[in-house]
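# Observations on chain architecture
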Protein chains: 2
Amino acid sequence: MSDRYLYSFGDGKAEGSYKMKNLLGGKGAGLAEMSNLGLPVPPGFTISTGVCTYFYQHKQTYPAGLRNLVRDAIGRVEDIIGKRFGDASDPLLVSVRSGARISMPGMMETVLNIGLTERTLEGLLEKTGNERFVFDAYRRLIQMYADVVMEKGNGNDSGNGQGVHDKMEQALSELKAECGYQQDTDLSTDDLKELVLTYKSIVQDTLGQPFPDDPYEQLWGAIGAVFASWNGKRAIAYRRIHTIPEEWGTAVNVQAMVFGNMGNDSATGVAFTRDPSTGEKLFFGEYLPNAQGEDVVAGIRTPRRLTITGSRQWAVDHQVNEEERKAKYISLEETLPEAYHNLVDIYQKLEVHYRDMLDIEFTIQQGRLWMLQTRVGKRTAQAALKIAVDLVNEGVISKEEGLLRVEPGTLDQLLHPTIGQRTEVTMLTRGLPASPGAATGRVVFSADDAVQWTESGDEGKSKVILVRNETSPEDIHGMNVAVGILTARGGMTSHAAVVARGMGKTCVAGAGEVMVDYDRKRFKVRGKVIKEGDWITLDGSAGRVLIGKVKLEKPELTDDFETFMSWADRFARMKVRTNADTPKDAQVARDYGAMGIGLCRTEHMFFEGNRIDAVREMILAENAEGRWKALKKLLPMQREDFEGIFRAMDGLPVTIRTLDPPLHEFLPQEQRDIEELALKSGVDYEKLAVKVHNLREINPMLGHRGCRLGIVYPEITEMQSRAIFEAAANVMKNGVKAMPEIMIPLVGHVNELRVQAEIVRKIAKEVMREKGIEIEYSVGTMIELPRAALTADEIAEVAEFFSFGTNDLTQTTYGFSRDDAGKFLPDYIDHKILKADPFQVLDRDGVGQLLRIGVFKGRSTNPKLKVGICGEHGGEPSSIEFCHDQHFNYVSCSPYRIPIARLSAAQAALRKREWEVGK
Amino acid sequence: MSDRYLYSFGDGKAEGSYKMKNLLGGKGAGLAEMSNLGLPVPPGFTISTGVCTYFYQHKQTYPAGLRNLVRDAIGRVEDIIGKRFGDASDPLLVSVRSGARISMPGMMETVLNIGLTERTLEGLLEKTGNERFVFDAYRRLIQMYADVVMEKGNGNDSGNGQGVHDKMEQALSELKAECGYQQDTDLSTDDLKELVLTYKSIVQDTLGQPFPDDPYEQLWGAIGAVFASWNGKRAIAYRRIHTIPEEWGTAVNVQAMVFGNMGNDSATGVAFTRDPSTGEKLFFGEYLPNAQGEDVVAGIRTPRRLTITGSRQWAVDHQVNEEERKAKYISLEETLPEAYHNLVDIYQKLEVHYRDMLDIEFTIQQGRLWMLQTRVGKRTAQAALKIAVDLVNEGVISKEEGLLRVEPGTLDQLLHPTIGQRTEVTMLTRGLPASPGAATGRVVFSADDAVQWTESGDEGKSKVILVRNETSPEDIHGMNVAVGILTARGGMTSHAAVVARGMGKTCVAGAGEVMVDYDRKRFKVRGKVIKEGDWITLDGSAGRVLIGKVKLEKPELTDDFETFMSWADRFARMKVRTNADTPKDAQVARDYGAMGIGLCRTEHMFFEGNRIDAVREMILAENAEGRWKALKKLLPMQREDFEGIFRAMDGLPVTIRTLDPPLHEFLPQEQRDIEELALKSGVDYEKLAVKVHNLREINPMLGHRGCRLGIVYPEITEMQSRAIFEAAANVMKNGVKAMPEIMIPLVGHVNELRVQAEIVRKIAKEVMREKGIEIEYSVGTMIELPRAALTADEIAEVAEFFSFGTNDLTQTTYGFSRDDAGKFLPDYIDHKILKADPFQVLDRDGVGQLLRIGVFKGRSTNPKLKVGICGEHGGEPSSIEFCHDQHFNYVSCSPYRIPIARLSAAQAALRKREWEVGK
């Protein structure tokens, strides 16, 4: 099959089918399928994507024999239609359209009315008796063809000066101005005749050659232009954004023309079999009477609704009275009821056949309905969910299929406030979509200011957006009160991004045009100044920074959502936990369905209130005794935090990581701040400065952090363990079931874990004896260094669980600092050295190999080993699937990604099952 | 056998043998072996190391039945000697000595004359008729026993105030002062009798218990003290330095006493069967007449030479005339010729038996020779080499055995100037022995000053030592002219250390006590000030910083060295290459036997002269065009470097690494320097400062460096490739055979290598066409990231060779920044979390596993893949052995480590062969 270059369709049958989408493209497959179903499809043929591949592998030439195949296929169309291509008396006209495997709307070229020549014009005039229609068609052909085929398709588009397209547009505008016309439809037949002449001379003058007057020359020109447009700038850009492989190529569809612009009994339209925004089971669509498809797309005329209900609703929304509606905006159902009912029959038949919501295109030529396209319709997350649940409830698809129908990543849209698609906005600049959702607030430039503004009691100051070059743990209190965070530097996994996502807070990171001037409390973007207190809006889902206040839309979780998620949990094998550091986050996560905490970072707790003072006292202490004194102040505070978290996670496991970041993160770095701290702490400035200097590291990521802290300062681990177990004992006395899992970070050698686990177990025993209560707990480790994965067999002899910290593991395996990789990673993606950012999508070949090795070796010595993941990848669908395949017990992600993870886990299990039964 | 706790020896036979060293310790095994050979050994027995293990595993108690075994063994000694232990009329006295597997000189305890009590004293007096001797022996016993057994052995040594030892020393001094004596030998019998009483009352007063008067109580006290001393502070410290496992334990040797202090027909001495300093085949030793062994060790009296020749040489050296020599320093050969000739017979017999140079200890009691110890003698590297070559030439051992006899690491001593062992020095402070050898020079504090001083033409300023907090690539020109480098910070693999070793230059790094004050051009060490221009001396082999000028000894390579090395090369399977960046280094390395260059770093070339200006111009360029302009200036300079290197390595492969370090290393970092550069380069200061700021990285080790530079700026790789191939073509036209191997650094994904290799191959083709010459070359990569090793199968499809960069691979596998690990690695070693610094000794379990995976996977897709190592481990013996076992083709190390590597490679091959034939 795959050897064939050309597939015909029409007259109730086709050589292809819907399943051959890869070869025929989406459009070609849909046309074939509709033909097979006996639906009214203008006959035609599809030149396969294989020809596109050949075309690019052979210096833009075609396989031998293709010309004959095309000629034969045209012959078959001629036979069905009863007209001949190039026939002077009754000519066949055809359209030439692109069609890739996946719809790339508007990214490639289309040429209509191919086959109109000086000769055939006469025949068409005679046959239709509609001079205006014929000259309009001819005028459109010349304009499209000259632009798409003769100029762009042949690389004549130098980009300098005016091309044919612009010149023709200008001629048209001048003519309309001269005659005082508002719309193209005002043009008279004579005007169109004049335009044809003008256009032809523009072609001759600009391109140095005449508009071709041979139908086959036109046809091959159009085919070549469509193939060439696969590698046009727009198509390449689109493919990059949507990670569509270049190798796929496009098919070319050649099809007999039907005309929706042959009078008021003609029309053209598009429809969805259900509402693509809400998913409601309503036939939803628009049409234009007496128009060609391109007019709908161009948006010059206001399209009308298909159904009476839809039309009336539209009228209400647009404050149009019933009289006016009927005059100007009448529905297809009313104006062409026969064609409309045909269309309804067809869409219902198609939906049953495809078992999904469809997007269809049709044309009505002189009262007769023709289907031009069908495909599974794009939809919002909300619609996808509702449609899936409805189709299951209608008995059309199984629950398993329903679960597989929704793209997990889109569920994000359901949880964050968003900017409506039709809301008008003024762009300021762009950054990375670091944490989704939208936020509107007033600009502040420091964490302290953020707190001061929001605590001022002034309602007008309650919403702030924190703008920084980059954030650090010292900014946490400010990030906590801000509604959004904007940074000038840093990537998708920068501090700002990670923390914001953890907090479920909108963040745009790395907006490179933002020039922050802290002293003057303002920032500039290409000359435009935004001062403290100015309103801006962040669109964290798209990385947009917008000027001023923008009205946000708040989503609500529906019953369908709950139903759908409960199905997901039924099929998923892995549990989904959350990364949460506070009782509040823990509660949010639990509301979204978290089945425990997979990562509770204890260091964030160290920044709250005056705790930082005690932390600094500990760091500045001369010896263990001094450190203990400071740690004793922290102990009750940490204990209280843990109590809150245990309560929020009553009956569920809570994995708590011991202190991880390098100590210098807790000390000020700027001279002025050091001086201030010296005054406050009573420590000599010189001594303090030396301490700060000594703690600075050349590569802090690989420095004195993680378990290395607890090994050099065992008293830290002792204090933290005590806080955990005392908290557990306290809440358990109030009937709460605490299930602490203590996790030692950054272990590379089993001995590191051994000494830290000993401390934890010793303290556990002490506290249980003191409190007279038995606490179920376990001790495990992060696997976030290659060496840990490679020696997992040894480590698993001490660890009761592994949690793969894939952020750091990716950094060390690739040797990429995620703080610095912004300098080269974009180049890597652009040059296709890497397919995806490994900090976003788990690198299966490298990092994934270490996961495989780690799980395999770990379970080889400890078959009961519990295995999870708590890196950013724990909330990314394809990475979650990989974890499922590697027999993980759970994934852990930020609260707002939990629904994504739950669905991904279910899909992974379902796919694995499909694979296992050999589907 | 290993179950036995006790092994007797004496009277021409023994229960143990030399091969049971692990169980009997070195001393016990030697005594057993000599007994078996029928040599005169005082009878005794060895309590095995197994008892030591038991002792520590069972709260310092002994296995059941040991007391009976000891009593029986004492009985056997009594039978041989014909005296009884504790017999009032003719008592047997015994010594109790430690003896570990490996000699730990002076680190553990010894007690002599055990068995002397009030009762046995009388019998001994009667038997010997030598009152002075008997009371001296008793006095020594009390002093030793009270100190070693009663105080230290029982943990009574509080460390506060005066212990028994000090009090006894004070009593002795007071007595000598009172009587006007100079030496202990001046003491009269009455003096000794008085001392005995004084000592006994000191014991009673200080320790609250009497000196034990029961022989068995004394014996068990001494045995316990020896076992206890295995975990004494000194022993622990020694074990740590020499990485001797704690589990080994010590044996205890109980042996009948013989006395070298029974008159002028008695003596005690030590000897080496060959000269341990030079290896010359000369019987070499010293003795003291009328003395006990401890007197020789104590060094109070000047020992005499054994042989006439030796004695005469000594006299010449010490300007002692023949008369005086005969009177005071006469040889044993002259004074006790019979015993001497017995000794000669015995040592010759022993050397033949052991087939190695031995260290022996003996005592002559009233004319009769007794052997007290024999073991393979410690020796300098020079001696080891000569002895091995001589023994091979004498037909005593095979070449293979000879090669295995020399510890590769010691060859270092042969290449660097050193400080003679007897040279008097004044310590200033200590740092890490970062680069071996010794250097004397005057202190300067900046690279520029170093250059200015050495270029001043003033002879007095020609030798400088560069002192810095730490060095950076900007200091290269200063390091290049300095004779040594001292840094206050950084570890064994800091920039200073690595570069210094590469240059074969002495370096002491991380001398933490050094407080540098750049402004005042001086540094302080605990209050002591060293100013610019002051002389200091660095001992890079021991990490010592010495005050003032010290006379250095310069080694010369002998013919034996050449012979020995040629044998090594014959047996080695791996080649040994060098890491060299300049023609000069390349030549030095070739002189030491390098078989090519395994790593030529091109970045060091970028710092020389005014090249840095062009480099900076490139970095500051706005676009590829601007970069090309600057690169074109660098091209001829790089080409010239490569020509020199190819010439030095005529006919040998030269692996050249493309640019590796992050670009910020080439820019100034301090504001003043940036201002200066702005002036010089004509670039706006603000712009320059922004550039410097933007290039700064949070984790530069994981940042924009390695192939990531060449990928973002392909023109750099193009320029470097062109320089390499043009240089190769140029020298080839003059008959030199250039064999370039271009190495792409920091590859983590095959695509990175693919795009860089394409550039290299494209330029190679261009140059070969331009020059009309065929150049043999290959393209490969560093494997220095975990991901590279894990995906080596993919990478090997593009690479022709792998060179494992184990420095960076260790950093990423362990997640240790070698610049920062100094904060916790020492704790790790102290707490036994790691056995060795993984930057010095390859971590076989983790990093080594990646090497195994890398080689295996690499060769699975490319069987011809050449594999080498170019990290620091390429010059470390145990790591080299590992590389051999993993089927590497070569190792590469700094020039001065080449002999070490050649020998290590040979030993690895020989050991593998032994293993393969099942020895």
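Remember, it's a predicted structure, so these values are computed and weren't measured experimentally.

Calculation rules
- Residues numbered from 1 in each chain as written.
- Chains lettered and ligands numbered in written order.
- Predicted model: local features only at pLDDT ≥ 70, side-chain atom pairs only at ≥ 80, totals over all residues.
- Heavy atoms only, no water.
- Helix = DSSP H or I, 4+ residues; strand = E, 2+ residues; numbered from the N terminus.
- Rg over C-alpha atoms; globule rule 2.2 N^0.38 Å.
- Buried < 20%, exposed > 50% of the residue type's maximum accessible area, 1.4 Å probe, protein only.
- Contact = heavy atoms within 4.5 Å.
- Lys, Arg positive; Asp, Glu negative; His and termini not counted.
- Charge placed at Lys NZ, Arg CZ, Asp CG, Glu CD.
- Buried area = accessible area lost by both parts, 1.4 Å probe.
- Salt bridge = Lys/Arg side-chain N within 4 Å of Asp/Glu carboxyl O.
- Polar contact = N/O pair within 3.5 Å; in protein donor to acceptor, adjacent residues only side chain to side chain.
- Nonpolar A, V, L, I, M, F, W, Y, C, P; charged D, E, K, R; others polar.
- Phe/Tyr/Trp six-rings, centres within 6.5 Å; stacked < 30°, edge-to-face > 60°.
- Least-squares fit on C-alpha atoms with pLDDT ≥ 70 in both.
- Pairing = 2+ DSSP bridges.
- pLDDT = per-residue confidence, 0-100.
- Patch = residues over 30% accessible without salt bridge, like charges linked within 9 Å, V, L, I, M, F, W, Y side chains within 5 Å.
- Areas by Shrake-Rupley, 256 points an atom, 1.4 Å probe, with all protein chains shown as cover.
- Axes fitted to C-alpha atoms, helices over the stretch in contact; angles between N-to-C directions.
- Parallel < 35°, antiparallel > 145°, perpendicular 65-115°, else oblique.
- Left-handed = near helix turned anticlockwise from the far one by under 90°.
- Arc of directions from axis to C-beta.

For chain A, the helix and strand inventory stands at 36 helices and 32 strands. What you see for chain A is a C-alpha radius of gyration of 33 Å, in line with the 29 Å of a compact globule of 919 residues. Along the first, second and third principal axes, the C-alpha atoms of chain A reach 105 × 65 × 60 Å. Across the 919 residues in chain A, those meeting the buried criterion constitute 58%. Here the analysis covers contacts within chain A between residues at least 6 apart in sequence; of these, 68% occur between residues at least 24 apart. Considering chain A, the positive charge centre built from 114 side chains and the negative charge centre built from 129 side chains are found 3 Å apart.

So, on to the interface of chain B and chain A. Taken together, the contacts link 50 residues of chain B with 50 residues of chain A. Its largest share of buried area at the contact with chain A, chain B owes to B:L702, B:R787 and B:K823, together 15% of the area lost on that side. Our enumeration of links across chain B and chain A arrives at four salt bridges. For the interface between chain B and chain A, the tally reads 34 residue pairs in polar contact (both at pLDDT 80 or more). Partitioned by chemical class, the residues of the side of chain B that touches chain A number 20 nonpolar, 15 polar and 15 charged.

Residue and element names in this part refer to chain A. Under the definition given, this model contains 113 salt bridges over all chains. The closest approach of N and O atoms between K200 and E118, which form a salt bridge, is 2.3 Å. Of the two residues, K200 sits in helix α7 (residues 189–207) while E118 sits in helix α4 (residues 118–128), which places them 82 residues apart along the sequence. Judged by relative accessible area, E118 falls into the partly exposed class, the value being 42%. Residues participating in the shared-partner salt-bridge network are R355, D356, R379, E401 and R405.

Below, the discussion takes up the packing of aromatic side chains. All names here are of chain B. This model, assessed by the stated rule, comprises 50 aromatic pairs over all chains. On the basis of an interplanar angle of 35° and a centroid distance of 5.4 Å, the ring pair of F804 and F888 is categorised as tilted. Of this pair, F804 sits in strand β30 (residues 801–804) while F888 sits in the loop between α35 (877–885) and β32 (890–893), and the two are 84 residues apart along the sequence. For the pair shown, F804 and F888 are each scored as buried.

Structural alignment of chain B on chain A gives an RMSD of 0.2 Å, achieved by rotating through 179° and translating 0.0 Å along the axis. In symmetry terms, the pair is related by a two-fold rotation axis. Relative to the rotation axis, the C-alpha of B:N699 is the closest in chain B, positioned 2.1 Å from it. When you check the interface residues of chain B against chain A, 100% turn up at the interface there too, and the contact is symmetric in its surfaces.

Residue and element names in this part refer to chain B. In spatial order, the strands read β11-β10-β9-β12-β13; together these five strands make up an open sheet with antiparallel pairing. A single partner strand is all that each edge strand has here, and the edge strands are β11 (304–305) and β13 (368–376). Pairing between strand β10 (residues 284–289) and β11: two bridges, direction antiparallel. Across the sheet, residue Y287 finds its bridge partner in β11, namely R304.

Next up on the list: the pairing of strand β1 (residues 6–10) of chain B. All names here are of chain B. Where burial is concerned, most of β1 is hidden: five out of the five residues are buried. Residue alternation in β1 divides its side chains into two sets, L6, S8 and G10 and Y7 and F9, and both sets are buried. As defined by bridge partners, β1 adjoins strand β3 (residues 44–47) across four bridges and the pair is classed as antiparallel. Across the sheet, Y7 pairs through a bridge with T46, a residue of β3. Judged from the two bridges that link them, β1 and strand β2 (residues 13–14) form a sheet pairing that is antiparallel.

We now examine the environment of B:F607. You can see B:F607 is positioned in the loop between β26 (597–601) and α23 (611–620). Residues B:F607 and B:D475 lie 132 residues apart in sequence; the distance between their C-alpha atoms is 8.9 Å.

Topologically, A:R97 is positioned in strand β6 (residues 94–100). No salt bridge is formed by the buried A:R97, whose closest oppositely charged neighbour, A:E361, lies at an N-O distance of 5.9 Å.

Residue and element names in this part refer to chain A. For N113, which is not glycine, the phi torsion reads 65° and is therefore positive. Mapped onto the elements, N113 comes out in strand β7 (residues 110–114). Its identity is not glycine, yet K832 carries a phi of approximately 60°, on the positive side. The exposure class assigned to K832 is exposed, which follows from its relative accessible area of 53%.

Once that is clear, we can look at the sheet that holds strand β7 (residues 110–114) of chain B. All names here are of chain B. Ordered in space as β2-β1-β3-β8-β6-β7, the six strands form an open sheet in which the pairing is antiparallel. Each of the sheet's edge strands pairs with one partner strand only, and the pair in question is β2 and β7. Bridging between strand β6 (residues 94–100) and strand β8 (residues 250–256) involves seven bridges; their strand directions are antiparallel. Pairing of V94 across the sheet is with A256, part of β8.

As a further point, take the confidence of the model for chain A. For chain A, the average pLDDT comes to 90, and 96% of its residues sit at 70 or higher. With pTM at 0.79, the complex prediction returns an ipTM value of 0.78.

Turning to the side chain of A:Q756, a few remarks are in order. Residue and element names in this part refer to chain A. As for its placement among the helices and strands, Q756 is situated in helix α29 (residues 750–771). In this structure the side chain of Q756 is engaged in a polar contact, spanning 2.9 Å, whose partner is the backbone oxygen of G710. Leave out the neighbours within four places in its chain, and Q756 touches C707, G710, I711, T717 and I744.

Looking along a regular strand, one sees side chains alternate from face to face of the sheet. All names here are of chain A. Counting buried residues in strand β26 (residues 597–601) gives five out of five residues, a clear majority hidden from the surface. Both strand β25 (residues 575–579) and β26 contribute to a ladder of two bridges, which runs parallel. Looking at the pairing, N579 lines up with L599 of β26. Of the strand pairs in this sheet, β26 and strand β27 (residues 653–657) are connected by three bridges, and their pairing is parallel. Across the sheet, residue R601 finds its bridge partner in β27, namely R657.

Residues and elements named next belong to chain A. Relative to the assigned elements, T487 resides in strand β18 (residues 484–487). Expressed as a C-alpha distance, the spacing of T487 and N68, which sit 419 residues apart in the sequence, is 60 Å. Once residues lying within four places of it in the same chain are set aside, the contact partners of T487 are R468, N469, E470, T471, A496, V508, A509, G510 and A511.

Further remarks concern a negative patch on the surface. Residues and elements named next belong to chain A. A surface patch of negative charge is lined by E174, E178, D190 and E194. Of all the elements in the fold, those that place two or more residues in the negative patch are α6 (164–179) and α7. Here E178 shows up in helix α6. Residue class for E178 comes out exposed when judged on its relative accessible area of 66%.

Next up on the list: the packing of helix α5 (residues 131–152) of chain A against α7(A). All names here are of chain A. Two elements in contact, α5 and α7, have axes whose closest approach is 8 Å; the angle formed by their N-to-C orientations is 20°. When the axes of α5 and α7 are compared, the pair comes out roughly parallel. When you trace α5 past α7, the crossing you get is left-handed. Within the contact between the two elements, α5 uses E131, R132, F135, D136, Y138, R139, I142, Q143, A146, M150 and E151 and α7 uses T189, L192, K193, L195, V196, Y199, K200, V203, T206 and L207.

Let us now look at the packing of helix α32 (residues 806–814) of chain A against helix α34 (residues 847–861) of chain A. What describes two packed helices is the angle between their axes and the distance between those same axes. Residue and element names in this part refer to chain A. Where α32 contacts α34, the two axes come as close as 9 Å, and the packing angle between them is 115°. The handedness of the crossing between α32 and α34 is right-handed. Where α32 abuts α34, its residues T806, L809, T810 and T813 lie against V847, L850 and L851. For the contact of α32 with α34, the residue count by class is four nonpolar, three polar and no charged.

The next thing to look at is helix α26 (residues 685–695) of chain B. Residues and elements named next belong to chain B. Of the residues making up α26, those classed as buried are L688, V692 and L695. One face of α26 carries all of its buried residues, which in axial projection span an arc of 70°. Buried residues in α26 make contact with α23 and α25 (671–681).

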